[in-house]
Structure formats: C-alpha cells, structure tokens
Amino acid sequence: DALIEGVKKRSIGIEVSKGVTADQQFIKAMYDELLDMMGGDSSVDKNKAPQSSQNVPAATLAVGTVSEPAVVLLAGLQGAGKTTAAGKLALYLKEREVDYDAVAAMDPEESAQ
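On a predicted model such as this, the values are computed, not experimentally measured, just so you know. (Residues numbered from 1 in each chain as written. Predicted model: local features only at pLDDT ≥ 70, side-chain atom pairs only at ≥ 80, totals over all residues. Heavy atoms only, no water.)

Student: Sorry if this is basic, but what is going on with the environment of Ser43 here?
Tutor: Mapped onto the secondary structure, Ser43 falls in the loop between helix 2 (22-37) and helix 3 (82-95). We classify Ser43 as exposed; its relative accessible area is 63%. When the C-alpha atoms of Ser43 and Asp32 are compared, they prove to be 8.3 Å apart, with 11 residues separating the residues in sequence. (Helix = DSSP H or I, 4+ residues; strand = E, 2+ residues; numbered from the N terminus. Buried < 20%, exposed > 50% of the residue type's maximum accessible area, 1.4 Å probe, protein only.)

Next up, the structure:
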C-alpha cells in the first residue's frame, strides 16, 4: 500500500514532461518510489552528482544480525539476469566467508514439476 500511495503522490496532478509519454513518466515515478523505499535517493540527479555511498542503493545493502537477517529482493523482467545475479551474490558471499543461511529462488508463475 505504501508503494502505491507513494507512486500516486508522484503521479497524480503532474503534467507530462515534453519528450516523454505518460507511461514513461509513470515508470519513472514507480522507479523513484522503489529507489526511495530501498534506501536510495531519487532526488539525486545521476547526470550531475558523482556516485557515492549516500545515493547508491546497493551501498546500503543491509548487514544482517542473528535476530534480523538481511533480505535481498531481486526483481526484474524475464531474462533480466536475476538468477545469474543471485548465483553471483552467493559466490561472492562464499568467497568472502560471509555467514549466510540461504539464497533462495521463487517464481510465482513457474509451476512445480
């Protein structure tokens, strides 16, 4: 609900910018809201500001504790590389001897066979 409300605030009553379509502007609003929710800063202009740990969501990757483990969600379209990224993340953690419980995959559209 918070995501939907945030996107509504960014979208409703806003005039469509020149050179973009309404759906492109909606996608930008969705992207910015997701970025803010995941610890990034959508107010930073990527073309003007240098990348720093203050505005890069990956830099805020949570370090879990025993009572509150870190959770990483990989979301994307089919063929975007989510499974590959999850495998690389698991290898990265293993090589650095980071204690982790699991790397799990779930696809609600994929039927169990």
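Student: Is there a simple way to explain the environment of Met30 in this structure?
Tutor: In this fold, Met30 is placed in helix 2. Sequence separation between Met30 and Gly6 is 24 residues; the distance between their C-alpha atoms is 8.4 Å. For Met30, the contacting residues outside a window of four places in its chain are Leu3 and Val7. (Contact = heavy atoms within 4.5 Å.)

Student: Even after reading the chapter, I still don't get the packing of helix 1 (residues 2-11) against helix 2, so can you show me in this structure?
Tutor: Between two packed helices, the angle of one axis relative to the other and the distance separating the axes together describe the packing. It is the contact of helix 1 with helix 2, at a shortest axis distance of 9 Å, that shows an interaxial angle of 130 degrees. Relative to helix 2, the element helix 1 lies oblique. The crossing of helix 1 and helix 2 is right-handed. Across the interface between the two elements, Ala2, Leu3, Gly6, Val7, Arg10 and Ser11 from helix 1 touch Phe26, Ala29, Met30, Asp32, Glu33, Leu34, Asp36 and Met37 from helix 2. (Axes fitted to C-alpha atoms, helices over the stretch in contact; angles between N-to-C directions. Parallel < 35°, antiparallel > 145°, perpendicular 65-115°, else oblique. Left-handed = near helix turned anticlockwise from the far one by under 90°.)

Student: Would you mind showing me how to read the pattern of salt bridges here?
Tutor: Opposite charge on two side chains permits them to pair, given that their charged atoms come into close proximity. Taken as a whole, this structure holds four salt bridges when the rule is applied. The salt bridge involving Arg10 is made with Asp36; its shortest N-O contact spans 2.3 Å. With Arg10 in helix 1 and Asp36 in helix 2, the pair connects residues that are 26 residues apart, well separated along the chain. Judged by relative accessible area, Asp36 falls into the partly exposed class, the value being 30%. A salt bridge links Lys28 to Asp32, with the nearest nitrogen and oxygen atoms 2.7 Å apart. (Salt bridge = Lys/Arg side-chain N within 4 Å of Asp/Glu carboxyl O.)

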